[in-house]
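The lines below spell out each chain.
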Amino acid sequence: AGMQQERLRYYTEAVERYRKGPLRMSLGTSYHALAGYYMRIRQYGAAIEHYMRARECFPTRPEIECNETMVIGWAYEQWGNPTHAIPFLNEALQCLAALGDTGMLAENHMRLAADRLALGDTLGALRDLERTRSLLVETVGSNLALFRSKYVPMLVQLGNFKEAGHQYDLMVLECAKDAVPLNSKNGACELDYCGFTYYNAVDRIEQADSSLREALTKALRINDLPLVLKYRKALMERLWKSGEDAEAARQSALYVHMNDSLQAVANADAVAAYEGLVNERESALEIERQHARVKQQRM
């Protein structure tokens, strides 16, 4: 929490410094960094506001402007608002195609499929999934495994278990070949959780349980708390369902304790973020007042 609040102070001061000068790229970079901070502490409205400001700083850099458009869509997704996410992701598709960024095109189509599915648009989701699959052919290396990490659960959700199993098998081969880590700067490659999702859907319970416990073990090993929470919750639900009440209760207590701890940290960060946002807005208002005074004096 201390490091994150230091980051907040640093980039808030950077915004203040660059806003008064001609260095628009530096200002945009500072806004983007602040937006990332707000995303981390789940202050999605503030994150979107800062991504919007960042986007305005890059009118001559289409590849950076495109990235800001895309992450605005991602922020709306994490905020639980696919309706608002879809227009930004569609806009990003156009510039990604112009830039020839096949990997991010596949990523965006995958996200659009998930958003359409959340809104009940199954046909639209399938179209985006097919587009993702065609783009996967052009993708190389560990990115294939990363994309399949999202693709497999979505196929399971659509009830296409045969294709889900095929894609999972390919993912296993790719991870064995390239040693793809559970988590990296490019995202989470959830091989074992994908196995759990698929095996659970086709009633291969022993394999499902084994895969889920392996996923939790790996997440604990690298201390990835969001993934630990996700896997522990799934394990808790599986145990209740199978009648293992004592172990389910133990996992439930661990889940609640960890979730409360994370929430306490998030609340502390949210207070600091709110204070930083107020200071930033007050500073912006003061600059506007100064401009108005100068303009009035000229008149």
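The structure this text deals with has already been given above.
Anyway, here's the lowdown on the structure attached to this text. (Residues numbered from 1 in each chain as written. Predicted model: local features only at pLDDT ≥ 70, side-chain atom pairs only at ≥ 80, totals over all residues. Heavy atoms only, no water.)

## As for the packing of aromatic side chains
Any aromatic ring pair is given by two values, namely how distant the centres are and how the planes are angled relative to each other.
Link 1 in the chain: Inspection of the entire model under this criterion finds eight aromatic pairs.
Link 2 in the chain: Here Tyr-76 and Trp-79 contribute two aromatic rings whose centre-to-centre distance is 6.2 Å and whose plane-to-plane angle is 20 degrees, an arrangement assigned as stacked.
Link 3 in the chain: We classify Tyr-76 as buried; its relative accessible area is 12%.
Link 4 in the chain: For Trp-79, a relative accessible area of 46% corresponds to the partly exposed category.
Link 5 in the chain: The structure contains a cluster of three or more aromatic residues connected by ring pairs, namely Tyr-76, Trp-79 and Phe-88. (Phe/Tyr/Trp six-rings, centres within 6.5 Å; stacked < 30°, edge-to-face > 60°. Buried < 20%, exposed > 50% of the residue type's maximum accessible area, 1.4 Å probe, protein only.)

## Observations concerning the state of the cysteines
Link 1 in the chain: Counted by the stated rule, this structure contains one disulfide.
Link 2 in the chain: Its sulfur unpaired, Cys-175 is 3.8 Å from the next cysteine sulfur, which belongs to Cys-189.
Link 3 in the chain: Classification of Cys-175 by relative accessible area gives buried; the value is 11%.
Link 4 in the chain: Judged by its relative accessible area of 3%, Cys-189 is buried. (Disulfide = S-S within 2.5 Å.)

## Description of the pattern of salt bridges
Link 1 in the chain: Tallied over the full model, the rule gives 14 salt bridges.
Link 2 in the chain: Glu-107 is the partner of Lys-150 in a salt bridge, and the nearest nitrogen-oxygen pair spans 2.7 Å. Of this pair, Lys-150 sits in helix H8 (residues 143–157) while Glu-107 is found in helix H6 (residues 102–118), placing the two residues 43 residues apart along the sequence.
Link 3 in the chain: Notably, a salt bridge pairs Asp-128 with Arg-116, separated by 2.6 Å at the nearest N-O pair. Separated by 12 residues along the polypeptide, Asp-128 in helix H7 (residues 122–136) and Arg-116 in helix H6 bring together distant segments of the chain. (Salt bridge = Lys/Arg side-chain N within 4 Å of Asp/Glu carboxyl O. Helix = DSSP H or I, 4+ residues; strand = E, 2+ residues; numbered from the N terminus.)

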